[in-house]
Amino acid sequence: MSTHISKELDGTFLSGRVCLVVGDISKQQVDAIVNAANWTLLGGGGVDGAIHRAGGEAIIEACREIRKNQFPQGLPTGEAVITIAGNLPARFVIHTVGPIYGRHDGREAELLAACYQNSLRVAVQNSLRSIAFPAISTGAFGYPPAKAASVASQAIMDFLANQYLLDEVRLVFFAQSDMTVFLKHHKFKLEKTEGS
Ligand code: AR6
């Protein structure tokens, strides 16, 4: 009998609570999907565009209400808010604003971690059990994907260590190559199992 590291290549971590998939975030059937939004909350390209296109006008209306009532100056980087999901298969959308790489005086990692942890906190506050994230900030906002993988995985692992309600955190990559980079640079603890 020997001990070997398991699950490091098939995309599941932390006893199956975290899984990696390649796909379109807007098609995920989970309690909440996370939108890589911008401070306006009023739409954009990439993930934001896909979510608003597929989700319809109801989401943008909910975002306008949040701007009016809670964040008239816009949603600060690192914060997260929740809305209905309109026509999407998910029940809710959690909107967060990632850092623009190189524009935050060295606070990029802290702000990216805040995006993940605040989104997870909002999910728990709403008694949600499953959440799907895109690779926040790694598109238009220019965060190097390898560095983002390390920050995102550490933030998720730290959060899940202290709460037990969430049983699925799905990380959705647009391309297999993006998932491969993540698999090389993540910080998730690998589980050791007894095997032959
Ligand atoms: N499903 C999953 N992943 C996707 C999808 C999709 N449908 N579309 C793109 N990606 P980005 P950011 C990947 O640019 O960097 C918007 O205009 C993409 O390949 O969506 O946080 C907002 O309004 C990349 O790896 O988000 C903001 O202004 C990752 O998702 C700004 O872009 C994130 O890319 C936010 O930039």
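Note: the structure precedes this text.
1. What about the state of the cysteines?
Disulfides are covalent bonds that link the sulfur atoms of two cysteine residues.
Okay, so step 1: Counting across every chain of the model gives zero disulfides.
Okay, so step 2: The closest cysteine sulfur to the non-disulfide-bonded cysteine 63 is located on cysteine 115, 15 Å from its own sulfur.
Okay, so step 3: Judged by relative accessible area, cysteine 63 falls into the buried class, the value being 0%.
Okay, so step 4: Given a relative accessible area of 0%, cysteine 115 falls into the buried group.

2. Quick word on the environment of histidine 104
Okay, so step 1: Residue placement: histidine 104 occurs in the loop between strand S6 (92-97) and helix H3 (108-125).
Okay, so step 2: The exposure class of histidine 104 is buried, given its relative accessible area of 18%.
Okay, so step 3: On a C-alpha basis, the gap between histidine 104 and threonine 77 in space is 9.7 Å, while along the polypeptide they are 27 residues apart.
Okay, so step 4: For histidine 104, the contacting residues outside a window of four places in its chain are Thr77, Pro99 and Leu111.
Okay, so step 5: Of note is the side chain of histidine 104, whose polar atom sits 3.1 Å from the backbone nitrogen of isoleucine 100.

3. Considerations on unusual backbone geometry
Okay, so step 1: At leucine 14, a residue that is not glycine, the phi angle is positive and equals roughly 50°.
Okay, so step 2: Inspection of the secondary structure puts leucine 14 in the loop between strand S2 (12-13) and strand S3 (18-22).
Okay, so step 3: In this structure, serine 15 is a non-glycine residue whose phi angle is positive, near 55°.
Okay, so step 4: Locating serine 15 in the fold gives a position in the loop between S2 and S3.
Okay, so step 5: Among the residues examined, serine 15 registers a relative accessible area of 65% and is labelled exposed.

4. Quick notes on the side chain of serine 137
Okay, so step 1: Mapped onto the elements of the fold, serine 137 is located in the loop between strand S7 (130-133) and helix H4 (145-161).
Okay, so step 2: For serine 137, a relative accessible area of 5% translates into the label buried.
Okay, so step 3: Those residues within four positions of serine 137 in sequence are excluded, and the remaining contacts are Gly98, Pro99, Leu112, Gly142 and Tyr143.

5. Digging into the site of the ligand
Okay, so step 1: The environment of the ligand is formed by 21 residues, the closest being Asn38, Gly45, Val47, Asp48 and Gly139.
Okay, so step 2: For the ligand, whose unbound accessible area comes to 700 Å², protein coverage reaches 87%.
Okay, so step 3: For the shell around the ligand, the elements supplying multiple residues, two or more each, are strand S4 (32-37) and helix H1 (46-55).
Okay, so step 4: Per-element accounting of the shell around the ligand gives the leading share, four residues, to H1.

6. A few points about the packing of aromatic side chains
Okay, so step 1: Overall, the coordinates contain five aromatic pairs when judged by the stated rule.
Okay, so step 2: Centre to centre, the rings of phenylalanine 182 and phenylalanine 188 are 6.1 Å apart; their planes meet at 45°, and the pair counts as tilted.
Okay, so step 3: For phenylalanine 182, a relative accessible area of 5% puts it in the buried group.
Okay, so step 4: Three or more aromatic residues joined by ring pairs form one cluster here, namely Phe13, Phe173, Phe182 and Phe188.

7. So, H3
Okay, so step 1: Taking 1.5 Å as the rise per residue, H3 with 18 residues should run 26 Å; its terminal C-alpha atoms sit 25 Å apart, in good agreement.
Okay, so step 2: Taken together, the buried residues of H3 touch S4, strand S5 (80-84), S6, S7, H4 and strand S8 (168-173).
Okay, so step 3: Note on H3: the residue one or two positions beyond its end, serine 127, has a positive phi of about 60°.

8. What about the pairing of S4?
Regular strands show a simple pattern: their side chains alternate between the two faces of the sheet.
Okay, so step 1: When you tally the buried positions in S4, you get five out of six residues, the bulk of the element.
Okay, so step 2: Direction of pairing for S4 relative to S6: parallel, over a ladder of six bridges. Bridging across to S6, alanine 36 finds its partner in threonine 96.
Okay, so step 3: Pairing of S4 with S7 involves two bridges; the strand directions are parallel. Counterpart to isoleucine 33 in the pairing with S7 is alanine 132.

Rules of the game
Residues numbered from 1 in each chain as written. Predicted model: local features only at pLDDT ≥ 70, side-chain atom pairs only at ≥ 80, totals over all residues. Heavy atoms only, no water. Disulfide = S-S within 2.5 Å. Buried < 20%, exposed > 50% of the residue type's maximum accessible area, 1.4 Å probe, protein only. Helix = DSSP H or I, 4+ residues; strand = E, 2+ residues; numbered from the N terminus. Contact = heavy atoms within 4.5 Å. Polar contact = N/O pair within 3.5 Å; in protein donor to acceptor, adjacent residues only side chain to side chain. Near = heavy atom within 4 Å. Areas by Shrake-Rupley, 256 points an atom, 1.4 Å probe, with all protein chains shown as cover. Phe/Tyr/Trp six-rings, centres within 6.5 Å; stacked < 30°, edge-to-face > 60°. Expected span 1.5 Å × (residues − 1). Pairing = 2+ DSSP bridges.

The quantities given are spatial measurements derived from coordinates; they are silent on function.
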